[in-house]
Amino acid sequence: MLKGEKMKPRLLKVCLEIGCLALTLTLISGLSSVAAQETKSLIRLHIPGYSPNSLPFQIAEDKGYYKEEGITVQTVRMKTGAGVQAMLAENVDVSQILGLTLRAAISRGAPVKIVMVFNDRVLYRLMAQKGIKGFPELKGKIVASTSPGASNDVLLKRVLAKHGLNPGKDLTVIYIGESVTLYQALTRESVDAAVLNPPYNVLAKEAGFSELAEFANEIGALQGGVSMTEKLLKERPQVARGFIRATWRGLRFFQNDREGTIPILLKYMKVDRETGEKIYDGSVDSFIDTGFISEDFQKKVLEFEFDKADKGMAQKAFDFSIVRSLKK
């Protein structure tokens with residue numbers, strides 16, 4: 001009995017250690033479960049920069065639409081081509097970029113889909129130095145674009161050709177990054193002209209630069225929307241659906257609530273109220289309220305990108321099943 005009593009402190013110590021170990025293992029297990037759940041609900045989103053074409057994402061974030069779906073969005077800003085490559089490598093789950101994604105899906109069989117479209121007309125403008133008033137004056141000049149093969153680059157070359165200019169012969173096209181970099185190069189007079197997206201085309205116009213062309217009439221180019229890995233669609237279907245639904249709500253808010261959208265636009269684009277209103281008013285009409293495009297417009301997109309179109313190509317690139325199912 002005395003022996004047993006002598007053992008009690010040791011037994012108590014062992015029991016306490018076992019209890020602490022069990023508690024520690026329980027806590028670790030719980031934290032791992034939370035971390036796994038957070039990873040499961042995490043969406044890594046690529047955007048080139050803040051513009052009207054990224055606003056549905058920012059609105060969905062600021063209005064809490066992603067949070068309502070139990071989704072955490074990690075926004076990654078990088079150049080257009082690099083962002084699409086990151087998505088193909090599954091380092092990001094979603095990209096705002098559609099043109100390069102479309103080509104990758106069709107020509108390379110990449111496991112990605114375009115699941116939402118924000119606008120059916122592009123917002124790019126070709127802005128030039130103040131002394132350049134027409135296309136003939138671009139001969140021998142330097143024109144800046146973002147990435148080789150990007151939608152704005154394809155549009156630039158088509159518009160130049162329509163005005164009798166050969167990009168490889170009559171002038172030099174250089175690729176130096178996104179709109180902010182192109183705008184800086186234009187203002188520093190490092191280039192003679194540049195393809196700019198809002199807010200930078202608006203800022204350039206306010207500063208007195210010449211607007212040589214808007215690309216909105218070049219039907220078939222896709223500028224903003226949601227392209228997504230098939231892995232996300234197949235392995236996390238509820239998360240994919242929640243992300244698309246929240247982004248669609250952001251798109252509709254953008255279109256229908258000018259006064260609610262402009263403060264969010266100002267927050268991310270870092271412009272004053274007057275410029276922000278110009279950006280909003282100059283872009284909102286190019287956005288569509290459905291989030292998807294018709295089969296006829298899909299054909300126009302394919303013809304724009306590949307000079308041909310068939311149903312098999314569209315099936316490789318587009319999947320609007322989720323956004324079509326959403327109710328207004």
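Quick notes on the rules
Residues numbered from 1 in each chain as written. Predicted model: local features only at pLDDT ≥ 70, side-chain atom pairs only at ≥ 80, totals over all residues. Heavy atoms only, no water. Helix = DSSP H or I, 4+ residues; strand = E, 2+ residues; numbered from the N terminus. Buried < 20%, exposed > 50% of the residue type's maximum accessible area, 1.4 Å probe, protein only. Contact = heavy atoms within 4.5 Å. Core = buried A, V, L, I, M, F, W, Y, C linked by side-chain atoms within 4.5 Å. pLDDT = per-residue confidence, 0-100. Pairing = 2+ DSSP bridges. Axes fitted to C-alpha atoms, helices over the stretch in contact; angles between N-to-C directions.

**Details of the environment of Gly224**
Now for step 1: Checked against the element boundaries, Gly224 lands in the loop between β9 (210-214) and β10 (225-229).
Now for step 2: Judged by relative accessible area, Gly224 falls into the buried class, the value being 0%.
Now for step 3: Not counting chain neighbours up to four residues away, the residues in contact with Gly224 comprise Asn53, Gln96, Leu98, Val117, Phe118 and Asn119.

**Some points on the nonpolar core**
A general trend in soluble globular proteins is that nonpolar side chains are found buried together.
Now for step 1: Ranked by internal contacts, the top residues of the largest apolar core, which has 70 residues, are Val226, Met228, Phe243, Ile293 and Phe318.
Now for step 2: It is helix α10 (residues 237-256) that contributes the most residues to this core, nine residues altogether.
Now for step 3: Setting aside anything within four residues of it in sequence, one finds Phe243 in contact with Ile43, Leu45, Phe57, Tyr66, Ile71, Val73, Val94, Val226 and Met228.
Now for step 4: Tyr124, Leu138, Leu171 and Val195 belong to the second largest nonpolar core, which has 23 residues in total.

**Quick notes on helix α4 (residues 80-88)**
Side chains of residues three or four places apart in an α-helix project in the same direction, reflecting 3.6 residues per turn.
Now for step 1: All of the buried residues along α4 are Thr80, Gly83, Val84, Ala86, Met87 and Leu88.
Now for step 2: Buried residues along α4 sit against β1 (42-47), β3 (94-95), α5 (99-107), β4 (112-117) and β10.
Now for step 3: Directly after α4, the chain includes Glu90, whose backbone phi takes a positive value near 65°.

**Notes on the confidence of the model for the protein**
Keep in mind that low pLDDT regions are not for reading the predicted coordinates in detail.
Now for step 1: Overall, the prediction assigns the protein a mean pLDDT of 88, with 88% of residues at 70 or greater.
Now for step 2: Across residues 1-37, confidence stays below pLDDT 50; counting only partners more than four residues off in sequence or on other chains, it has zero contacts.

**Topic: the sheet that holds β3**
Now for step 1: Across the sheet, five strands lie side by side as β2-β1-β3-β10-β4; this open sheet has mixed pairing. Each edge of the sheet is formed by a strand with only one pairing partner; in this case those strands are β2 (72-77) and β4.
Now for step 2: By the bridge criterion, six bridges tie β1 to β2 in an arrangement that is parallel. Of the residues in β2, the one forming a bridge with His46 is Val76.
Now for step 3: Contacts from helix α2 (residues 55-62) reach β1, β2 and β10 within the one sheet, and its direction differs from that of β1 by about 145°.

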